[in-house]
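Structural description and commentary
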Amino acid sequence: MPKKKVQERFDPSFYVLVAEVTAAIKRNEDAVGGAPKNQKDLGAWRSAQQKLQVEELLDAEIKFKETVLKYRQATEIYKKFLQKICIQNKNILSARPYFRETAVSFSKKITPAIKVSNIEVLKTFDINYQLIQFIRNAWLGPFPKRAEQLYQRVHKARTILIENNMPLAINRAKLFYRKTPQSHLTLIDMIGICGMGLAAGVDKWCGPYSPVFRSVCIGRMVGNLIDSYSETMLHFYPSDKRILYKAHTIRGRRGIDEIHALTDAVNQSFRDDEAEGKSIPKNEVTVSELSALMYAASTVSADATVDDEGFGVYTYTEDPAQDTEANYIARETTAQMLSLASKLPILHRKILKLKGIKI
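Residues numbered from 1 in each chain as written. Predicted model: local features only at pLDDT ≥ 70, side-chain atom pairs only at ≥ 80, totals over all residues. Heavy atoms only, no water.

Here's the deal with the overall build of the protein
Note the following rule: Each helix corresponds to a stretch of at least 4 residues labelled H or I by DSSP, and each strand to a stretch of at least 2 residues labelled E; elements are numbered beginning at the N terminus. Between buried and exposed lies partly exposed: a residue is buried under 20% and exposed over 50% of the maximum accessible area for its type, with that area taken using a 1.4 Å probe on protein chains only. Whether two residues are in contact is decided by their heavy atoms, any of which lying within 4.5 Å being enough. A 1.4 Å probe and the Shrake-Rupley method give the accessible areas. Residues count as covered only by the protein chains that appear here.
Across its full length, the protein holds 15 helices and zero strands. Out of the 359 residues belonging to the protein, those deemed buried represent 36%. Contacts in the protein between residues far apart in sequence, at least 24 positions, make up 60% of those at least 6 positions apart. A total of about 22,400 Å² of accessible surface is found on the protein, and carbon and sulfur atoms cover 56% of it.

Notes on the environment of Ser117
Inspection of the secondary structure puts Ser117 in the loop between helix 4 (103-115) and helix 5 (119-122). Overall, the relative accessible area of 45% leaves Ser117 in the partly exposed class. Note: C-alpha distance between Ser117 and Gln83 (34 residues apart in sequence) is 9.5 Å.

Points about the packing of helix 8 (residues 166-179) against helix 9 (residues 187-204)
To be explicit about the condition: Note on geometry: axes are C-alpha line fits, over the in-contact stretch for helices, and angles between N-to-C directions span 0 to 180 degrees. An angle below 35 degrees is treated as roughly parallel, one above 145 as roughly antiparallel, one from 65 to 115 as roughly perpendicular, and anything else as oblique. Handedness of each helix crossing follows the sense of rotation of the near helix against the far helix: counterclockwise by less than a right angle gives left-handed, clockwise gives right-handed. Classes in brief: Ala, Val, Leu, Ile, Met, Phe, Trp, Tyr, Cys and Pro nonpolar; Asp, Glu, Lys and Arg charged; the others, Gly included, polar.
Two elements in contact, helix 8 and helix 9, have axes whose closest approach is 8 Å; the angle formed by their N-to-C orientations is 135°. Comparing the axis directions of helix 8 and helix 9 gives the class oblique. For the pair helix 8 and helix 9, the crossing hand works out as right-handed. Residue-level inspection shows Met166, Ala169, Ile170, Arg172, Ala173, Lys174, Phe176 and Tyr177 of helix 8 in contact with helix 9, the latter providing Leu187, Met190, Ile191, Cys194, Gly195 and Leu198. Class assignment of the residues belonging to the contact of helix 8 with helix 9 gives a composition of eleven nonpolar, one polar and two charged.

Here we look at the nonpolar core
Note the following rule: Side-chain atoms within 4.5 Å are what join buried Ala, Val, Leu, Ile, Met, Phe, Trp, Tyr and Cys residues into a set we call a nonpolar core.
If you look at the biggest cluster of nonpolar residues, it comprises 65 residues, and the most contacted ones within it are Phe64, Phe99, Leu122 and Leu131. Among the elements that make up this core, the one with the highest residue count is helix 9 (eight residues). Setting aside residues no more than four positions away along its own chain, Leu122 makes contact with Tyr78, Leu82, Phe99, Ile110, Ala113 and Ile114. Core analysis: the next-biggest nonpolar cluster, separate from the first, contains 15 residues, Val266, Val285, Val287 and Leu293 among them.

Considering the pattern of salt bridges
Selection rule: Here, a salt bridge means any Lys or Arg side-chain nitrogen found within 4 Å of an Asp or Glu carboxyl oxygen.
Taken as a whole and judged by the stated rule, the model has 15 salt bridges. Across the pair Glu56 and Arg153 runs a salt bridge whose closest N-O atoms are separated by 2.8 Å. Pair noted here: Glu56 is in helix 2 (residues 39-68) and Arg153 is in helix 7 (residues 145-164), with a separation of 97 residues, a long-range link. A relative accessible area of 24% places Arg153 in the partly exposed class. Two residues, Asp59 and Lys63, come together in a salt bridge whose shortest N-O distance is 3.3 Å. Of this pair, Asp59 and Lys63 both sit in helix 2, separated by four residues, roughly a single helical turn.

What is shown is where atoms sit, not what they do.
Here you go:
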């Protein structure tokens, strides 16, 4: 006999959220005449509605920009925007969320314009809800009536797109929640992260509508989930985060805790990725490297590597590559060398510092 499917139970707030999303979708569908009752026609109808919503959002954004740029104050607001990016944020990349442009367009065209504060060039690029809201909030005096009407159109179209696609965000969060080991993130946290990825996908979509729109949003959701799931107390380079995520995934799915076996599994997984045409780290991951990364990523000392100061669960088995005596001698030698170097003439000490030696 087939096994009965086990009904999953989640936090009560999850069901409250689902009820609110369902009500919002029903409200949006009723506003355009209601969805067809026939399930065969429902998918095509919703796809057609999504196309209209995306086109409505893009059209309203373009018309808003055209309307606002007719006013002299627009130039001053663009100056305020540059001050926010260059002086307050001190990071040109922080301007990316404000433009509905591709990464290539941003790096080749928008970035040079921001560097030289060329406002007239910046005015030529498509903007999204983020910059539209900034313009509205920074406006001095009454906001133009026509611009306010277009702002409301943008806000409404964007809200409907996000609400109607929230089931997709919930689905991706649940899939990720089931497939990964328990972490500092709850299911509701992951749904919120997917919601932010969905909003970013809506704001960054470029060009005419196509069914790929959903895939772009999914990519943003999954990317945000991986970043948040792999978040650590220390800063890691993307390559290190990738190794950590791979190691945690293998530990959760296969139950591999022994550091040597885990390292072999991580390297094999990267080799499999390479065979599929995916990019992988330049060098193989070593036992000491993986152990150090997992120790640094952990908030407890149980992940410490074996050395003369302690031990951890990932290196409990003796590692022939580690020599406590040699480590002690090297550390003592370095300490004596630095002590002697601190007594050298100032010119010699400057030369050593230029060589990267900290005295």
